[in-house]
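Fold and contact review
Each chain, letter by letter, is given below.
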Amino acid sequence: MSAGVVMLMFVICLILAIPISISLCIACVLPSAFDASFTASATYIVRAMFNALNSFPMLAVPMFILSGIIMAKGGISRRLFNLFSYLIGKRTAGLPCAVVITCLFYGAISGSGVATVAAVGSMTLPILLDLGYDKKFCVAIIAVAGSLGVIIPPSIPFIMYGLASGESVRDLFMAGVIPGCLVALLLMGYAVL
């Protein structure tokens with residue numbers, strides 16, 4: 001059975017409004033019922049799922065998601081922002097710089113750029129707009145600073161890339177520190193200018 005048929009089955013499942021995860025399962029398992037030579041048989045898929053569960057670094061991903069949920073419910077982003085706004089808030093562009101540093105720390109804790117933008121941005125955007133900052137500037141600096149969660153270790157994409165490519169996750173983490181801090185410093189410099 002060709003890859004085109006599998007893709008067609010997936011698209012048909014999506015058109016029928018079947019959830020994506022179930023559509024992927026149907027498109028992968030159903031062809032093996034009609035063609036015994038199809039490589040993705042049910043036993044192969046179950047074996048691959050259990051082998052994936054046996055991966056120690058893969059445990060980090062749900063733990064990062066759990067820590068992000070706990071931090072969002074606990075209000076750590078507000079506490080981080082309050083700390084940094086207290087320390088540098090009275091300087092020129094102090095609050096945008098506090099947003100950048102908050103995103104840097106929150107991204108380092110949660111490991112996710114999307115979670116950082118959602119948690120820090122939803123809280124700091126109204127504050128910056130009330131103080132008279134331009135909306136485009138505020139949204140841009142929050143979006144770019146939130147993406148530092150992908151660069152600053154520990155990072156979920158680094159873990160996934162390390163698992164897929166066989167690279168050392170530790171080396172990837174070490175390689176992300178300097179670029180992440182440099183981007184944060186450049187963002188703060190831009191905010192000051």
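Report on the accompanying structure. (Residues numbered from 1 in each chain as written. Predicted model: local features only at pLDDT ≥ 70, side-chain atom pairs only at ≥ 80, totals over all residues. Heavy atoms only, no water.)

1. As for the environment of Thr 124
Assignment of secondary structure puts Thr 124 in helix α7 (residues 113-130). Through-space distance from the C-alpha of Thr 124 to that of Ile 109 is 18 Å; in sequence the pair is 15 residues apart. Apart from the residues lying within four places of it in its own chain, the contact partners of Thr 124 are Phe 81, Val 99 and Ile 142. (Helix = DSSP H or I, 4+ residues; strand = E, 2+ residues; numbered from the N terminus. Contact = heavy atoms within 4.5 Å.)

2. Focus: the environment of Ile 141
Inspection of the secondary structure puts Ile 141 in helix α8 (residues 135-146). Through-space distance from the C-alpha of Ile 141 to that of Leu 187 is 7.4 Å; in sequence the pair is 46 residues apart. Setting aside residues no more than four positions away along its own chain, Ile 141 makes contact with Pro 96, Val 100, Leu 187 and Ala 191.

3. Some thoughts on unusual backbone geometry
Residue Pro 154 is reached from Pro 153 by a cis peptide bond, and omega for that bond is -5 degrees. Examined against the element boundaries, Pro 154 turns out to sit in the loop between α9 (148-151) and α10 (156-165). Phi is positive for Ala 17, close to 65 degrees, though the residue is something other than glycine. Position of Ala 17 relative to the elements: it lies in the loop between α1 (3-15) and α2 (20-34). Of note in this structure, Ala 93 is not a glycine but carries a positive phi near 55 degrees. A residue is classified by how much of its surface remains accessible, and Ala 93, at 11% relative accessible area, is buried. (Buried < 20%, exposed > 50% of the residue type's maximum accessible area, 1.4 Å probe, protein only.)

4. So, the side chain of Thr 102
Residue position: Thr 102 is located in helix α6 (residues 94-110). In this view, Thr 102 contacts Ser 77, Leu 80, Phe 81, Phe 84 and Val 120; residues no more than four positions away in its chain are not counted.

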